[in-house]
Amino acid sequence: MAYNDYDYYDDDEYPLDNDNQFHAIYQCYSPAFLSDRERTNIESGGKILLPEPALEQLINQTGIMLFKLKNPKRNRITHCGVLEFVPSNEPVCYVPYWMMRHLSLNEGDEIHLESVSALPPATFARFQPQSKEFLDLTNPKAVLEKVLRDFSCLTKGDVISINYLNRNYELAVLELKPTDVVSIIECDMEVDFAPSADQIESKSSLLTNNDQILSKSPSTFAPFHGQGNRLNGKVKENDQQEQYHHENVQKRGRPNYDYKYGLLQFPRVVLRSLNDDMNEIFEKNSSDIFQPFTGERKILRQPGTHQSK
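Residues numbered from 1 in each chain as written. Predicted model: local features only at pLDDT ≥ 70, side-chain atom pairs only at ≥ 80, totals over all residues. Heavy atoms only, no water.

Draft legend 1. Geometry of the sheet that holds strand E9 (residues 159-163). Overall, mixed pairing links the 4 strands, which are arranged E9-E10-E7-E12 in an open sheet. Strand pairing shows two members of the sheet lacking a second neighbour, E9 and strand E12 (190-193), which therefore form its edges. Taking the axes of each pair of neighbouring strands and ignoring which way they run, one obtains an average angle of 35° across the sheet. Here strand E7 (residues 124-129) pairs with strand E10 (residues 168-177) via 6 bridges, running antiparallel. Each residue of the ladder has a partner; that of glutamine 128, found in E10, is alanine 172. Relative to the sheet, helix H5 (residues 140-147) contacts E7, E9, E10 and E12, its axis offset from that of E12 by approximately 125°. (Pairing = 2+ DSSP bridges. Helix = DSSP H or I, 4+ residues; strand = E, 2+ residues; numbered from the N terminus. Axes fitted to C-alpha atoms, helices over the stretch in contact; angles between N-to-C directions. Contact = heavy atoms within 4.5 Å.)

Below, the structure written as structure tokens:
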């Protein structure tokens, strides 16, 4: 399932507190521009890195550490927390790669950041793993509970990426309660899983292939269908045989509603007598009829005329 197949959070459904709102515009980069230590920390959750000047503004204005990220070009929105503030005066923020992909951002693109307040605590969340391998883990709910500690909030429609045993798993956020944007800091949240996306795609592709096979296959089964010559020389009566097949041969994939319990049917073409067929062949003198062993005979030795002495 593609990323744009999910229902995204609508910005108009959740207003912000404009009186104490922190707003900034940064250039967005992935963790590839960070050192190995910082890259590992940011990729394992749903938090971003901000420059130190943002910390001073947040403390003086609101002290809120939950944010809304928006790509103004694509109108894509998500929510996140902050991992730490890096010592830099440049308007640059570092975002997990899965979040950049969700927001359709490239390296160096402009991103709008706004603080949010009063996010309700989550009570229920439904996730859809993109691979059934995550559901094959011993206890996927316990794994998810552990990795969600690196997240501050969730947004409906996000496809988050988590790391477990040095392997990345992607999960789509299908449903959240009580609202489409929730805080998961110190909350009691019930978790449920939907069937994985690859299982749904495999089932749909299998059904599509079966429908194509049934549509391409003939509705009537006609074995040994074709043109040929019979040994007895009789011309095949195509019209009568085709009519017989249409009337007596059961169509493939459809039940025989006229079937009676205990009755076995062996439909076949009734053969005529071989003598009758041969008589009809000799009576007809047509060039288009195959007649075996016919033609002009040749004698290798001509008999001589007997002369008496």
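That covers the picture; the talk isn't over yet.
Draft legend 2. Quick peek at the packing of aromatic side chains. Evaluated as defined, the whole model comprises 5 aromatic pairs. Where tryptophan 98 meets phenylalanine 151, the ring centres are 6.1 Å apart and the plane angle is 35°; that geometry is what we call tilted. Here tryptophan 98 is found in helix H3 (residues 97-102), whereas its partner phenylalanine 151 is found in the loop between H5 and strand E8 (153-155), with 53 residues between them in sequence. What links up through ring pairs into an aromatic cluster is the set Phe134, Tyr169 and Phe193. In this structure, lysine 177 is placed above the aromatic ring of phenylalanine 124, and the distance from its NZ or CZ to the ring centre is 5.2 Å. (Phe/Tyr/Trp six-rings, centres within 6.5 Å; stacked < 30°, edge-to-face > 60°. Lys NZ or Arg CZ within 6 Å of the ring centre and 35° of its normal.)

Draft legend 3. Broad picture of the pairing of E7. Of all 6 residues that make up E7, 5 are buried, and the element is covered over most of its length. Across 4 bridges, E7 lies against E12 in parallel orientation. The partner of arginine 126 across the bridge, within E12, is aspartate 192. (Buried < 20%, exposed > 50% of the residue type's maximum accessible area, 1.4 Å probe, protein only.)

Draft legend 4. Focus on the side chain of serine 115. The topology assignment puts serine 115 in strand E6 (residues 110-115). The exposure class of serine 115 is buried, given its relative accessible area of 4%. Within the structure, serine 115 has its side chain in polar contact with the backbone nitrogen of phenylalanine 22 (distance 2.7 Å). (Polar contact = N/O pair within 3.5 Å; in protein donor to acceptor, adjacent residues only side chain to side chain.)

Draft legend 5. Representation of the nonpolar core. Core analysis: the biggest nonpolar cluster contains 44 residues, and Leu50, Phe127 and Leu144 have the highest contact counts within it. It is E10 that contributes the most residues to this core, 4 residues altogether. Ranked by size, the runner-up nonpolar core spans 6 residues in total, among them Ile42, Leu49, Val86 and Val92. (Core = buried A, V, L, I, M, F, W, Y, C linked by side-chain atoms within 4.5 Å.)

Draft legend 6. Representation of the confidence of the model for the protein. Summing up the model confidence of the protein, the mean pLDDT is 77 and the portion of residues at 70 or higher is 63%. When the criterion is pLDDT under 50, residues 12-17 qualifies, and its contacts beyond four places in sequence or with other chains add up to 12 contacts. (pLDDT = per-residue confidence, 0-100.)

Draft legend 7. View of the pattern of salt bridges. On inspection of all chains with the given rule, the structure shows 6 salt bridges. The partner of glutamate 114 in a salt bridge is lysine 68, with the nearest N and O atoms 3.4 Å apart. Within this pair, whereas glutamate 114 is found in strand E6, its partner lysine 68 is found in strand E3 (residues 66-71), the two being separated by 46 residues in sequence. Here glutamate 114 falls in the buried class, since its relative accessible area comes to 16%. Salt-bridge contacts for arginine 167 lead to glutamate 133; the nearest nitrogen and oxygen are separated by 2.1 Å. Taken together, the residues span a long stretch of sequence, with arginine 167 in the loop between E9 and E10 and glutamate 133 in helix H4 (residues 132-135) at a distance of 34 residues. Overall, arginine 167 belongs to the partly exposed group, its relative accessible area being 40%. (Salt bridge = Lys/Arg side-chain N within 4 Å of Asp/Glu carboxyl O.)

Draft legend 8. The environment of leucine 154, seen in detail. Among the structural elements, leucine 154 can be located in strand E8. Between the C-alpha atom of leucine 154 and that of leucine 176, which follows or precedes it by 22 residues, the distance is 8.2 Å. The residues touching leucine 154, leaving out its near neighbours within four places in the chain, are Phe127, Leu176, Asp180, Val181, Val182 and Ile184.

Draft legend 9. Representation of H5 in the model. Along H5, the residues classified as buried are Pro140, Val143, Leu144 and Val147. For H5, the angular spread of the buried residues around the axis is 95°, confining them to a single face. Pointing more than 90 degrees away from the buried face of H5 are the exposed residues Glu145 and Lys146. Where H5 is buried, its residues meet E7, H4, E9, E10 and E12. (Arc of directions from axis to C-beta.)

Draft legend 10. Quick peek at the pairing of strand E4 (residues 76-86). Across the 11 residues of E4, 9 count as buried, placing the element largely inside the fold. In the sheet, strand E2 (residues 47-51) pairs with E4 via 5 bridges, with the strands oriented parallel. Paired with leucine 49 across the bridge in E4 is glutamate 84. Where E3 and E4 come together, 6 bridges link them in antiparallel fashion. If you follow leucine 69 over to E4, its bridge partner there is threonine 78. Taking the residues between adjacent antiparallel strands as the criterion, E3 and E4 are bridged by 4 residues, where asparagine 75 takes a positive phi near 55°.

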